[in-house]
Amino acid sequence: MIGLEWHAHSFGSSSFDDSDSDNDSYQTDLDFRSHLHRYPSNESSDSSGQAQYHLDAFLESVVAREDLPDAYELSVTPDDFVPSDPESESSDQHTEYDDEELLILKYTRCALSTFSQRQTTSPDQHIKAVGTFMSGLCTVVSDWHTFGYRLMDFREKQAQCTSGTLGTTTVPSTRSSVTSNDTSALLAPPAGRDCAGLTVVWPDDLRPFAMLFPWERYHEGPDSLPFLVDLRTPSRPQVRSKRCKSFTLQEGVPCHECAEIAHHITRLADTARNPKSHTNYRFLGLAHMQDLAKAYADQTRQLKLQGLNDSRKYMTSLTQLDDYHRLLMAISEQDIPRLRQIINVVLHNGASVREIVNKLEDALEGAYRPQGYGADDLDIATLVLSLGGRQLLFALNQSLGLPSIRTLRTRCTFTTLTPTIGPIRNEQLDENIRSVVLSSRTNITILRGVSLMVDEIALEEMVVHLGRYNKIAGLCWKHSHVVDHVLRTYESAVTIAQKIQDSDVHLGKELTVIGVACFGEDELYPILAAPTCKTEDARDMEGLLARAIERWNATGAASVIGPVWSFATDGDATRRAAGHRLFLKNPLSPDSELYGILGNMPGLNTMTGDAEVTLDFDFKHIFKRFCTLIRSPSGIVLNNGRIINSMMLVRYLVWLPAYDETSVIKLLHPDDPQDVPWAIELMQAIVDFSKSQHAILNDSFSSDVETRADLMSITLLSHVIESILMPFINTKLSLSEQVHHLSCYSHLAFTIFRVHQRSFMPFQLYYDTQTAVKNVIFNIAKQQVLDRNSPFFLGDCGDDRLELMFGRSRMIGGHNSRCTYSQALDRLGAAKDIDAWRRGREIALFILTSSQIDPINYSFAELFCDPGTDILRPLGMNKYFGIAEEDPDDSSCVPNPLPAPVSMPSQVLETMMPDSEAGEIQVADMSTEDDDEEPMLTFEEALTTECVSDVPGTPFHHFPTDPSIPALVQGPGIRADDYLLYKDRWIHKQTICRLVINKEFISKSFNRLERVRGYTKVNKRIDMCAGRITDQNSFLVGDVFLTILRSARTISIAILRSISVTLNDVSRSSINTTSLKACRTTAKVTGQLLALMLTVPSPSSPLLFLWNGGYIKSRSAIPGTTESTEHVVIVSVPGFLVEPINPEPTYIRLREDVNSDDFLEIQGGQSTWQVSHGSLQAACEILWMKAVEAKLPLKSIACITPSDTKAFPYQLFDGTPAVVSVEACNLLAASEGERITICPLCEAKIPDMRSHIGQHILRALTNTPESVSLKEPVGSVLPCGFCGRSGLPECSITIKVPANGPPVWETKCAYQHTFKYGFVETGSKNKPCRNVPLKCLLCHPALPPEPGKSIRRSPVVSVDAIWRYNMPNHILNGHEEYSVPGHRASGVPLPAAVWDSVKLTDLEQNAARIPQAHWQVGHEGDKENVSSSKSRTRKCPGLESAASLPSKRPRTVVQPLQPSRTLLA
């Protein structure tokens, strides 16, 4: 708006006419006038010299002249801006000048007319013109219309200024009275007092103020600007506040209201500088609107162009869709050979889809065939060749276009192993090293460390014929030298079959494979594949391993590829012994480059083989065996002797959020115990569990004493597991951190093994793990010497790469592990920083200090000072464990076959059941009739079903011509050396091998576990679902129980912690208590014998036994040495001798009756449990009664021989046993030939048991009270004269009465002792008791003499004897027809001889302290029955004739023993 000037005036409120305003419009104090229409601008003249007015220039700047309407020149002329009457300015000062408004209306109509005429023009020009005009004019027109601008009468204003009445004259509200001629007084303030407003200081980097000013806000009302604008000088615009006072106190300085406008101007400048995209248009200036209009125009053009382009794309896409539809139809309707190759070739050449369709049509017609093969094509063809042979590859080449055998030979390299036919020879190893290893590494010059690996893979036990060598293969390499491997005649095959039958040579059961792997590389190179019969010993394997290393060096491979650093194997015992002899025979020389690195590592075993080769074991096998050990019922002994096994882990692993009881059982007892992922998951679960139980472990006052003790042992186990597991599975560990873990494991295992030996882990597993750690340290040192800059990976150790190759070979066989020897050769060819050691020791020391192990066992500095002690020789004496033949079997390996019963922990003592009660194990009769078998076909009959095999091979060789020999069928692939002549028929040698040598062949199972002979399912002997830990009335593994044990000559109570429970030889995690304690149960509980401490006795508190955290131990010899070591006593007892208890927790530090130094094995804990002496004694009596009821022999009770005789049996402070069974001890002493001196009834110590018991019996018969309380009453029915009990089988007594000599009696009572029968029967003052066994004359009468003789001779036989004091009861019950004085008056009087055996003397009744009122009554008036008490009987009294006596047999009533029972408190 260069051609417009704006005059801003401020008026009072009287300048408005309220009657002319409404809600939608209002008046403003703005006089908008243009003065430049009277005075043309010199700057706005065209080339013709014609003056242009500023408004014309503005209009023509937005609308082209040729686009203006024709009436433009007539409607807008300079005359329109000049008054018709020049004098009217002065004559009529109040005339309104509407020419300004008319001018604006004319310009508006002109613009509208112009745009209406240009409706037919292009849209772009139309939009541009509209946008430009609107940005420059429409805003102004809108302001005029909205605010009702008035043109003021210049003359009237001038007159008012001249008369000086400006400040007092009221201005009309309808029209301004300022004239247009008098502009000097327009803004003139009072002299010296007028406010000139504020000059706008507009930034120079912005466009003009008028173009950026937001005119939409130039009004009165909400959101309006608080000032007026004067644009008379566009370069210096002025602004004045609407509240301006029109005067100021200081001339040249704006008033306070105008001065405040400065910050509004600054804000407008900031807004105009960079307006936001979402800014409302009312806040934008004319220039901004012009920019927006241009942007919309550009966007319109872009959209139009995009629409045109999209139209072409759509047409092209439709055409391409048609082509793709043709391609899809071609592919769906026809099987196009090598479709992918055709498409790849065409696309590589940049052809279109239409060209692809054309090529496919040519391929269907046979006119085109692609020749290129990719790597995938070659791999598929190689796999087809390996699986199906040449015939399958040829068929697929013709049908699917796979590469042919010729293409494979040209493009690929095939690995071919030289077979081992016969014994292993140097030539076979040399040829394989050259062809398999050296030939494939011609372009590799970097020296690497080399690891040799040996392992076996399953092999079908059958012989195969190798046509290339014209020999048979598949016989064991150790014994195959006894046969000729060339089938020259049919009799050769028969001879080989006979030698196999006679076991002179064997079929290969497995295939021994030796492979070569370089450290830092993934490739494995097999150099030997020999069938084995698994009868090789350590010497044979030692020679094989030494031969492999020797040939590696002899062929130059050591100088070209690298030296042999280690020889890796699995846990095979034969190879372990061979490797020990071969690779642990030389100490590391001080001249070695390794000595400076390894010599300062205390405890590291530095024994090596020749050329410093070390033995290595596979870490995956170690993980499997570790988990097998954890899962075994015997478990692992940790800390001070606590056992942790699978049954206990079930109780704790369910605490982890990720596991429930089912998943834990599956984890601990998987179907395949050799599943490595399951093993690693189990080990990780134990580690995670121990890390989540710090709250219980740190609570030294925990009342759950047993749980805390278990968690301490599990934590130690987790440290051992984590240190051996993490280096191989945590990829974030550095090499130094890996060695930290391995060193920590080595020192932890060393310490625990010193304490518990094979109770901690088998000798073999300890040897393998420590050897593997040692090998890692040696290999790292060798890598530092060879090349310090080369990386070293822990996974390169072991024989895992050989296992991977075995896996590939099984995959090549369709996941079939069964293969013949020839198939195995093809498949193997196709599958083809150290200071951390000290840091690891420090970590181990930190762990061990918090354990319950004696510190003497981890004083590494002192222990390793002994040159014969290191990690492989933990007990010193230069003794290695796990390699001697006399070492116990490795329990960490799955047994082969698995034993039927559940294996008990080592060194277990067992209380055996008597055979009559436990029952004998009935062995099933295995002698069954032979199955019906089809008759074996003869060789000729078998041949009728065979045909000549077409085996592709080398070119045909002609036989020597012989007219009597039938001609061999000729053809491609038929070789004469592959056939034998048998009865005028040519038979292939492979057919002869199958029908003659392999006639009894049985294919092995696909299932690896079922190939184990005597296979038993792993979980068959474990029942984890039998009961739950939450079941009521259940006895859980880990609970504490009581039983009785034998030690020396005492039978005492023992407290044990259960570690396993079995029922019918099936291991269980829990069992119902009722079933456990049943008399005839087959349940067994195995536990560890706990050590107890006795409290100091005091009158106010009973005696208590507290667990000191330890276990009773005994000594055992170390195999191969004269030394011995201690182990925890483990006892297995039958269920009926188990008495579960729930001891009461207590706090050690709060007690004054114990010495806290006796509880150091609790290791920081302040709590334990206690049980009272009375409860133990009551339980001991109950258990002994159960043993008596079960007729348990004393010798079958487990006998304990502790290393500390004061630890068990539990003793009082005076050294006497605290809780024992007196009766059991007496019986035990008697069973060992000693006389019992303790009365079983009153527990008095007496010299003559028979006399003492006789007095008890007399007092019981006469109802005479005892002077002391009896522990057990006298038997009610015919009590034994030695022990006073009734109904015990061992107390039955027999007697023989010879014709000459004293009677001879016999009994098995434990309290029996010898005595002189004649002297005792007579009685004396010192020993008045006459209770002796007698022969009842009523039951066994004497026969009368034979006719003519005085006596009758009869054989002397043993008969049941009756004790004298039991004779009255015997007669009363067995002979009812006789009278008994004092008991039964009616009946036949007793014979004199019988009465003599019944009557008692006054002396013995008086000695028994029987009142006379209770004395025995005699037969008065019967002289025969009256005898003087002082009369002595004859030494051999004659027996009266008993012819008149009744012949009725006596009846003896025997009742069971009625022992007293004391309930457990």
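Our subject is the structure that appears above.
Residues numbered from 1 in each chain as written. Predicted model: local features only at pLDDT ≥ 70, side-chain atom pairs only at ≥ 80, totals over all residues. Heavy atoms only, no water.

Engineer: Just to check I follow, could you spell out the sheet that holds strand β6 (residues 227-230) for this structure?
Structural biologist: Either a parallel or an antiparallel arrangement is found when strands of a sheet pair, and the pairing is made through backbone hydrogen bonds. Reading across from one edge, β5-β7-β6 is the order of the three strands in this open sheet, with antiparallel pairing throughout. Of all the strands in the sheet, just β5 (198-199) and β6 have a single pairing partner and so form its edges. In the sheet, β6 pairs with strand β7 (residues 238-241) via four bridges, with the strands oriented antiparallel. Pairing of Asp 230 across the sheet is with Gln 238, part of β7. (Pairing = 2+ DSSP bridges. Helix = DSSP H or I, 4+ residues; strand = E, 2+ residues; numbered from the N terminus.)

Engineer: Before we go on, may I ask you to explain the pairing of strand β11 (residues 510-518) in this structure?
Structural biologist: Every other side chain in a regular strand lies on the same face of the sheet, so the side chains alternate between the two faces. For β11, the buried fraction is high: eight of the nine residues fall into the buried class. In terms of strand pairing, strand β8 (residues 450-458) meets β11 through nine bridges, oriented antiparallel. Along β11, the bridge assignment pairs Ile 457 with Leu 511. Pairing of β11 with strand β12 (residues 524-532) involves eight bridges; the strand directions are antiparallel. Residue pairing for β12: Ile 514 is matched across the bridge by Leu 528. Counting the residues in the hairpin turn of β11 and β12 gives five residues, including Gly 520, whose phi is positive at 90°. (Buried < 20%, exposed > 50% of the residue type's maximum accessible area, 1.4 Å probe, protein only.)

Engineer: How should the packing of aromatic side chains be read in this particular structure?
Structural biologist: For any two aromatic rings, the description comes down to two numbers: the centre-to-centre distance and the angle of the planes. Counting across every chain of the model gives 30 aromatic pairs. An aromatic cluster is present here, built from Trp 202, Phe 209, Phe 213, Trp 215, Tyr 218 and Phe 227 joined pairwise through their rings. Lys 774 extends its terminal NZ or CZ atom over the ring of Phe 778, reaching a point 5.7 Å from the ring centre. One cation-aromatic arrangement involves Arg 1250 over Phe 1315; the distance from NZ or CZ to the ring centre is 5.2 Å. (Phe/Tyr/Trp six-rings, centres within 6.5 Å; stacked < 30°, edge-to-face > 60°. Lys NZ or Arg CZ within 6 Å of the ring centre and 35° of its normal.)

Engineer: What is the right way to read a nonpolar patch on the surface from this model?
Structural biologist: There is a patch of nonpolar side chains on the surface, built from Met 315, Leu 318 and Leu 321 and spanning about 330 Å² of accessible area. Counting through the fold element by element, Leu 318 comes out in helix α10 (residues 286-333). A residue is classified by how much of its surface remains accessible, and Leu 318, at 49% relative accessible area, is partly exposed. (Patch = residues over 30% accessible without salt bridge, like charges linked within 9 Å, V, L, I, M, F, W, Y side chains within 5 Å. Areas by Shrake-Rupley, 256 points an atom, 1.4 Å probe, with all protein chains shown as cover. Salt bridge = Lys/Arg side-chain N within 4 Å of Asp/Glu carboxyl O.)

Engineer: What is the right way to look at the packing of helix α21 (residues 619-631) against helix α28 (residues 763-786) in this model?
Structural biologist: Where α21 meets α28, the axes come as close as 11 Å, and the angle between the chain directions of the two elements is 145°. As α21 runs across α28, the sense of the crossing is left-handed. Across the interface between the two elements, Ile 622, Arg 625, Phe 626 and Leu 629 from α21 touch Gln 764, Leu 765, Asp 768, Thr 769 and Ala 772 from α28. Grouping the constituent residues of the contact of α21 with α28 by class yields five nonpolar, two polar and two charged. (Axes fitted to C-alpha atoms, helices over the stretch in contact; angles between N-to-C directions. Left-handed = near helix turned anticlockwise from the far one by under 90°. Contact = heavy atoms within 4.5 Å. Nonpolar A, V, L, I, M, F, W, Y, C, P; charged D, E, K, R; others polar.)

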